[in-house]
Amino acid sequence: FEIRDVFEKVKEPQQTQCENCEKNHSTRICQDCSVFLCQECAEIHQKWKSSRNHKLVAIIDIQASVDEASMVSLKRKFSCCQKHPENVCKIYCETCSELICYDCTIRLHRGHQYDLISDTFTKY
């Protein structure tokens, strides 16, 4: 299945109908056949001979992993220095227009114009 479509549906599970009965909200997705299912249809899906070995995943579990992955990605993108990933960016280099860490001010951005991110934010 298309990951992007799953993420879009997972964001609003109340809006995603069961693709089997088309009556109830979906609570699970079958990883094997890419079908969103309500609780009742999920139970039936696991009883059918042709689909009893399929892996059903709770939508809430997908939401948690999506949220966690998003947070990790955002944290990595905005909090950590690209050159020194172990460091948090607290400085904005106005010369280069990028977020940097304290190590960068000494090593890579010597002589540049920079300020604390919080102070730079209020300037603009």
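Residues numbered from 1 in each chain as written. Predicted model: local features only at pLDDT ≥ 70, side-chain atom pairs only at ≥ 80, totals over all residues. Heavy atoms only, no water.

A. Spotlight on the overall build of the protein. Within the protein, the regular secondary structure consists of 5 helices and 6 strands. Ordered by position from N to C terminus, the α and β elements of the protein give α-β-β-α-β-α-β-β-α-β-α. For the protein, the residues scored as buried account for 27% of the 124 residues in total. Put simply, of all contacts in the protein between residues at least 6 apart along the chain, 28% involve residues at least 24 apart. (Helix = DSSP H or I, 4+ residues; strand = E, 2+ residues; numbered from the N terminus. Buried < 20%, exposed > 50% of the residue type's maximum accessible area, 1.4 Å probe, protein only. Contact = heavy atoms within 4.5 Å.)

B. Representation of the sheet that holds strand β1 (residues 28–30). Taken in spatial order, the 3 strands line up as β2-β1-β3 in an open sheet, and their pairing is antiparallel. What marks the edges here is a single partner per strand, and that holds for β2 (36–37) and β3 (56–58). Pairing of β1 with β3 involves 3 bridges; the strand directions are antiparallel. Paired with I29 across the bridge in β3 is V57. (Pairing = 2+ DSSP bridges.)

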